[in-house]
Amino acid sequence: GNSVTQMEGPVTLSEEAFLTINCTYTATGYPSLFWYVQYPGEGLQLLLKATKADDKGSNKGFEATYRKETTSFHLEKGSVQVSDSAVYFCALSGNTGFQKLVFGTGTRLLVSP
Amino acid sequence: DTGVSQDPRHKITKRGQNVTFRCDPISEHNRLYWYRQTLGQGPEFLTYFQNEAQLEKSRLLSDRFSAERPKGSFSTLEIQRTEQGDSAMYLCASRVTGATDTQYFGPGTRLTVL
């Protein structure tokens, strides 16, 4: 079945550092890929998505590129802020059927001033 | 704000009691999903509705769980005879029909079973 593997956290960075959170997936067909973010005490918010190979999703300075050859969708940001501290979830959904989301276990990011 | 809403936000109950959660999706969204998230884990799919029809249920959804979506609007998730292992965040998401449309999540209902 479909699955997502994320790097374990927490990831601890200083403000303005470069961020990478690795995500790889296993899926049949051509899934859509997502990054969701969960701030403390809040629900999941879509951060960015990509729906086909080589697409780059971007939002709020975050980027991720859909790499079919390496089955990866790594999240990057050039300069993190304290306000980026949150839990980040990589997820996929098939493009047929019920299109439920399959999530990774999440990666906690802690950014210090 | 016309996002997905869930009620209650928090529920504390004693083992063996029944609980019911409500989800109000975004009004034009015909697809509705329930997920469960335990501490330190990603959300796991529970069940899916298209309009009023429940079209898929996960094996995680034991016989003690039931979900409805009357008239294809709001949805309810009921857990009967709660167990401590049911303690989790229950998340609802909705979307419109389309190959790549996004699921929008509500704030969740945190259930604690004592």
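Residues numbered from 1 in each chain as written. Chains lettered and ligands numbered in written order. Predicted model: local features only at pLDDT ≥ 70, side-chain atom pairs only at ≥ 80, totals over all residues. Heavy atoms only, no water.

Here the focus is the overall build of chain A. Each helix and strand counted, chain A has zero helices and twelve strands in total. Order of helices (α) and strands (β) in chain A, N terminus to C terminus: β-β-β-β-β-β-β-β-β-β-β-β. A compact globule built from 113 residues should have a C-alpha radius of gyration of about 13 Å, and chain A, at 14 Å, falls within 12% of that. Taking the principal axes of the C-alpha coordinates as reference, chain A spans close to 45 × 30 × 20 Å. A sequence separation of at least 24 residues applies to 56% of the contacts in chain A between residues at least 6 apart. Placing the 9 positive and 10 negative side-chain charges of chain A at their respective mean positions leaves the two points 8 Å apart. (Helix = DSSP H or I, 4+ residues; strand = E, 2+ residues; numbered from the N terminus. Rg over C-alpha atoms; globule rule 2.2 N^0.38 Å. Contact = heavy atoms within 4.5 Å. Lys, Arg positive; Asp, Glu negative; His and termini not counted. Charge placed at Lys NZ, Arg CZ, Asp CG, Glu CD.)

As a further point, take the sheet that holds strand E7 (residues 56–59) of chain A. Residues and elements named next belong to chain A. Here we have four strands laid out as an open sheet, ordered E3-E9-E8-E7, and antiparallel in their pairing. Whereas interior strands pair on both sides, the edge strands pair on one side only; in this sheet they are strand E3 (19–21) and E7. Neighbour-to-neighbour, the strand axes of this sheet turn through a mean angle of 15°, independent of strand direction. Where E7 and strand E8 (residues 62–65) come together, four bridges link them in antiparallel fashion. Bridge assignment links Lys56 to a residue of E8, and that residue is Thr65. (Pairing = 2+ DSSP bridges. Axes fitted to C-alpha atoms, helices over the stretch in contact; angles between N-to-C directions.)

Turning next to the interface of chain B and chain A. Contact residues are listed per partner, giving 24 residues for chain B and 20 residues for chain A. Across the chain B to chain A interface the summed buried area is about 1,700 Å²; carbon plus sulfur atoms make up 52%. The interface formed by chain B and chain A contains one salt bridge. At the surface where chain B touches chain A, the tally comes to seven residue pairs in polar contact (both at pLDDT 80 or more). For the side of chain B that touches chain A, the secondary-structure elements that each account for two or more residues are strand E4 (31–37), strand E5 (44–50), strand E6 (53–57) and strand E9 (88–95) of chain B. Considering each element in turn, the side of chain B that touches chain A owes the most residues, four residues, to E4(B). For the side of chain B that touches chain A, the residue count by class is ten nonpolar, nine polar and five charged. (Buried area = accessible area lost by both parts, 1.4 Å probe. Salt bridge = Lys/Arg side-chain N within 4 Å of Asp/Glu carboxyl O. Polar contact = N/O pair within 3.5 Å; in protein donor to acceptor, adjacent residues only side chain to side chain. Nonpolar A, V, L, I, M, F, W, Y, C, P; charged D, E, K, R; others polar.)

Once that is clear, we can look at the packing of aromatic side chains. Pairs of aromatic rings are described using the distance from one ring centre to the other and the angle between the two planes. A complete count under the given rule lists 13 aromatic pairs over all chains for this structure. Seen from their ring centres, Phe89(A) and Phe103(A) are 6.2 Å apart, and the 90° between their planes marks the pair as edge-to-face. Residue Phe89(A) is found in strand E10 (residues 86–93), and its partner Phe103(A) is found in strand E11 (residues 101–103); the two are separated by 14 residues along the sequence. Side by side, Phe89(A) and Phe103(A) carry an identical accessibility label, which is buried. Ring centres of Tyr33(B) and Tyr48(B) lie 4.9 Å apart, and the angle between their planes is 40°; on these two criteria the pair is classed as tilted. Residue Tyr33(B) is located in strand E4, and its partner Tyr48(B) is located in strand E5; the two are separated by 15 residues in the primary sequence. Accessibility assignment for this pair places Tyr33(B) and Tyr48(B) in one class, buried. Connected via pairs of aromatic rings, a cluster forms that spans Phe34(A), Tyr36(A), Phe89(A), Phe103(A), Tyr33(B), Tyr35(B), Phe45(B), Tyr48(B) and Phe105(B). Here Arg22(B) stacks its cationic end above the ring of Phe74(B), 3.9 Å away from the centre of that ring. (Phe/Tyr/Trp six-rings, centres within 6.5 Å; stacked < 30°, edge-to-face > 60°. Buried < 20%, exposed > 50% of the residue type's maximum accessible area, 1.4 Å probe, protein only. Lys NZ or Arg CZ within 6 Å of the ring centre and 35° of its normal.)

Next up on the list: the sheet that holds strand E8 (residues 75–79) of chain B. Strand-to-strand pairing in sheets goes through backbone hydrogen bonds, with the strands running parallel or antiparallel. All names here are of chain B. The antiparallel open sheet is built from four strands, whose spatial order is E1-E3-E8-E7. Strands at the two margins of the open sheet, each flanked by one partner only, are strand E1 (5–7) and strand E7 (65–68). The average undirected angle you get between the axes of adjacent strands in this sheet is 15°. Bridge count for strand E3 (residues 19–24) against E8 is five bridges, and the pairing is antiparallel.

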